[in-house]
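Tertiary structure, described
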Amino acid sequence: MFLFNILKTRKMIKIDIRKKLLSSTGEFTLNANIDIPSGEIVAFYGKSGTGKTTLLRIIAGLAAPDEGTINVEDNTWLDSRNGIYLPVEKRAVGYVFQSYALFPNMTIKENILFAQKKPDISQAKKLMEIFGLSSLQNRKPAMLSGGQQQRVALARAIACKPRIMLLDEPLSALDHEMRGSIQDEIKFINKEWGITTILVSHDVSEIFKLCTRVYSFNESTVVDKGNPANLFSGNRLSGKVQFTGEVLASENEDLIQILTLLVGNTPVKIVVPANGETFMAGDKVLIASKAFNPIIQKL
Amino acid sequence: MKELITSQPFLLTLEVSVISLILQFIIGVPLGIYITGKNSIFRRIVEIIVTLPMIFPPMALGFFLILILGKNGLIGGFLYNTFDFKIIFTFWGVLTAVFIVGLPFMVKSVQSSRKQLDTAMVEAARTLGKSKFAIMRKVILPNIRGGITTGMLLAFGRSLGEVGISLMLGGNIIGRTETLSLAIYNSVYEGDFAKAAELSILLSVLAIIVIVISNKSVFFKRKTN
């Protein structure tokens, strides 16, 4: 009963939309009917051209679906049957674009102040502190590195006090170290302000690290896969130790295949028999072992 | 030299070029931004009309404008009958000519820099809850400043050298509607080569100043971007 009450009072972002899209293989209808729990970080995962960014844009109000509804907690943002369409300006979303889309004519501080409803210097200062931008506040975006620009984009998106943060592959252009630290910052923001965060990502380790839930995009449908472990490890194997990784390179040597894998941020080499499954660079793989006990040491 | 600078053709040229530059700025910037918007038939028609003077033969265009703006024309007739206002063969005729030939340079320059602007930047401003007016003032206009400056300089340069339509609409009346370019023609026609040379040098100096400022503005644009 207690659990039932929790479930009942749990606030949700309910999305139920359909939109015709064009992909490289032809026309398809994106059909998304998902509930996203408020306050969590969730991921949209799937191949390119399956509508992840489009759905993000529909939530933001930058694109319109052919039909459907979007309810954010107690508010209706979209209801095509009843002609309700809350314009993007009124939706209170913090959108972080792949290209960052900073305003080049403004300094970092001005970018953040412009995003606020009313100029609030103390909030701007706090944001710049969190993202390590204080010493760069009077610089223009063109003078910053990719990672710094990304931090400004995040700080600017939060400055407008959004109800939902929408991040479109925010870390794809950054190196692993930079990714790691910005991922920590995204997690910190989510904890600090409890803003629901939807992230489009291809990076399995990133999804594992940040997200509590993952929505898988296949051609035309979006499926709630629950916890990231459900999607990436599956129930195919019950190993004692499991990792997911990506194949960086594979070399064939007589009877064996040497795979260079990226597990988390670390590349590792693994030898597999050549007559088994063939692996190509870019394949997502699961590494599991159940025959021995792993040695775990603190570093 | 002092005589030249205080002469009627120089003052008229400067006056119409500056006034038309202000008008080209006021009308050209919104037009350039407008025609960059979502593709529609009306937008394409506006774009064609505005761009027409760039490629249309000036004499032919001048002739059509006489038909429209003359005392018996659609617009000219209305202005003459209602306000007793004449365009053809007056200062206003020269101003109209100079304005029309320079406008496409302004509009095209604004259009191309608006097109180059990252659409995500405008979308980002919208997600931040900003009004259309605020986006225009704080995001779009400051970021197409380079295009506006280039457009103004090109339009001004074109205005200085305008002959064809000015001749048709202004009438080349000495002491009234004679611009610098027409004054050069008149001097050569009268055999006063010395005066033609002086006027040509003056006009060239003005053009060189425009080129120098234009190059500086391009350099400035590069630095800020």
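These numbers come from a predicted model, not from an experiment.

The rules behind these values
Residues numbered from 1 in each chain as written. Chains lettered and ligands numbered in written order. Predicted model: local features only at pLDDT ≥ 70, side-chain atom pairs only at ≥ 80, totals over all residues. Heavy atoms only, no water. Contact = heavy atoms within 4.5 Å. Buried area = accessible area lost by both parts, 1.4 Å probe. Salt bridge = Lys/Arg side-chain N within 4 Å of Asp/Glu carboxyl O. Polar contact = N/O pair within 3.5 Å; in protein donor to acceptor, adjacent residues only side chain to side chain. Helix = DSSP H or I, 4+ residues; strand = E, 2+ residues; numbered from the N terminus. Buried < 20%, exposed > 50% of the residue type's maximum accessible area, 1.4 Å probe, protein only. Pairing = 2+ DSSP bridges. Domains from an automatic or database assignment. Core = buried A, V, L, I, M, F, W, Y, C linked by side-chain atoms within 4.5 Å. Phe/Tyr/Trp six-rings, centres within 6.5 Å; stacked < 30°, edge-to-face > 60°. Lys NZ or Arg CZ within 6 Å of the ring centre and 35° of its normal. Axes fitted to C-alpha atoms, helices over the stretch in contact; angles between N-to-C directions. Lys, Arg positive; Asp, Glu negative; His and termini not counted.

On to the interface of chain A and chain B, then. Contact with chain A, which involves 21 residues of that partner, is made by 16 residues of chain B. For the pair chain A and chain B, the two sides together bury roughly 1700 Å², of which 62% comes from carbon and sulfur. Here chain A is connected to chain B by 2 salt bridges. Note that B:Glu123 is salt-bridged to A:Arg57, the shortest N-O span being 2.6 Å. Linking chain A with chain B are 7 residue pairs in polar contact (both at pLDDT 80 or more), by the criterion used here. Among the secondary structure elements, those contributing two or more residues to the side of chain A that touches chain B are strand E7 (93-96) and helix H3 (108-115) of chain A.

Unlike most non-glycine residues, A:Lys161 shows phi in positive territory, near 50°. For A:Lys161, the location among the structural elements is in the loop between helix H5 (146-159) and strand E8 (164-168). For A:Lys161, a relative accessible area of 58% corresponds to the exposed category. Its identity as a non-glycine residue notwithstanding, B:Asp84 has a phi of 55°, on the positive side. Summarising the element assignment, B:Asp84 is placed in the loop between helix H5 (74-83) and helix H6 (91-116). The exposed category is assigned to B:Asp84, whose relative accessible area is 59%.

This paragraph deals with the pairing of strand E9 (residues 196-200) of chain A. Residues and elements named next belong to chain A. Judged by how many residues are buried, E9 sits mostly within the fold: 5 of 5 residues are covered. Burial along E9 is two-sided: the face carrying Thr196, Ile198 and Val200 and the face carrying Thr197 and Leu199 are both buried. Note that strand E3 (residues 41-46) and E9 share 4 bridges and pair parallel. Each residue of the ladder has a partner; that of Ile41, found in E9, is Thr197.

A few words on the domain arrangement of chain A. Residues and elements named next belong to chain A. Domains assigned within chain A are domain 1 (2-232) and domain 2 (241-289). Of note, the centres of domain 1 and domain 2, computed from C-alpha atoms alone, are 32 Å apart. The partner domain 2 presents 6 residues to the 7 residues of domain 1 that form the contact. Summed over both sides, the interface between domain 1 and domain 2 buries roughly 500 Å², with carbon and sulfur atoms accounting for 59% of that surface.

A separate point is the nonpolar core. One finds A:Phe103, A:Ile112, A:Phe131, A:Leu133, A:Leu154, A:Ile186 and B:Val139 to be the most contacted residues of the largest nonpolar core, which totals 56 residues. Setting aside anything within four residues of it in sequence, one finds B:Val139 in contact with A:Phe103, A:Met106, A:Phe114, B:Met121, B:Ala125 and B:Ala134. Of all hydrophobic cores here, the second largest spans 36 residues; its members include A:Ile34, A:Val88, A:Tyr95 and A:Phe217.

It is worth spelling out the packing of aromatic side chains at this point. In this description, a pair of aromatic rings is defined by centroid distance and the angle of the planes. Enumeration over the complete set of coordinates arrives at 10 aromatic pairs over all chains. Relative to A:Tyr215, the ring of A:Phe44 has its centre 6.1 Å away and its plane inclined at 90°; by these criteria the two rings are edge-to-face. Placement of A:Phe44 in strand E3 and of A:Tyr215 in strand E10 (residues 213-217) is noted, with a sequence separation of 171 residues between them. The residues A:Phe44 and A:Tyr215 share a single accessibility class, namely buried. Taken together through their ring pairs, the aromatic side chains of A:Phe44, A:Tyr215 and A:Phe217 make up a single cluster. We note A:Arg156 situated over the ring of A:Phe103; from NZ or CZ to the ring centre the distance is 4.6 Å. Over the ring of B:Tyr34 we find B:Arg43; its NZ or CZ atom is 4.4 Å from the centre of that ring.

Next up on the list: the sheet that holds strand E11 (residues 222-224) of chain A. Residue and element names in this part refer to chain A. With mixed pairing, the 6 strands of this open sheet are ordered in space as E7-E8-E9-E3-E10-E11. Sheet topology places E7 and E11 at the edges, where each strand pairs with a single neighbour. With direction set aside, neighbouring strand axes in the sheet form an average angle of 20°. Where helix H2 (residues 52-60) meets the sheet, its contacts fall on E3, E7, E8, E9 and E10, and the angle it forms with E8 comes to roughly 150°.

Here we come to the side chain of B:Arg43. Structurally, B:Arg43 is set in helix H3 (residues 41-55). For the buried B:Arg43, no salt bridge is present, and the opposite-charge side chain at shortest range is B:Glu47, 8.6 Å distant.

The next thing to look at is the pattern of salt bridges. Any two side chains of opposite charge can pair, on the condition that their charged atoms come close. All names here are of chain A. Summed over the entire model, instances satisfying the criterion amount to 15 salt bridges over all chains. Two residues, Glu67 and Arg18, come together in a salt bridge whose shortest N-O distance is 3.1 Å. Taken as a pair, Glu67 in strand E4 (residues 67-72) and Arg18 in strand E1 (residues 12-23) lie far apart in primary sequence, 49 residues in all. A salt bridge links Lys209 to Asp184, with the nearest nitrogen and oxygen atoms 3.2 Å apart. Taken together, the residues span a long stretch of sequence, with Lys209 in helix H7 (residues 204-210) and Asp184 in helix H6 (residues 176-193) at a distance of 25 residues. For Lys209, a relative accessible area of 33% puts it in the partly exposed group. Look at Asp184 and you get partly exposed, because its relative accessible area is 44%. Beyond isolated ion pairs, a larger network of salt bridges with shared partners links Asp16, Arg18 and Glu67.

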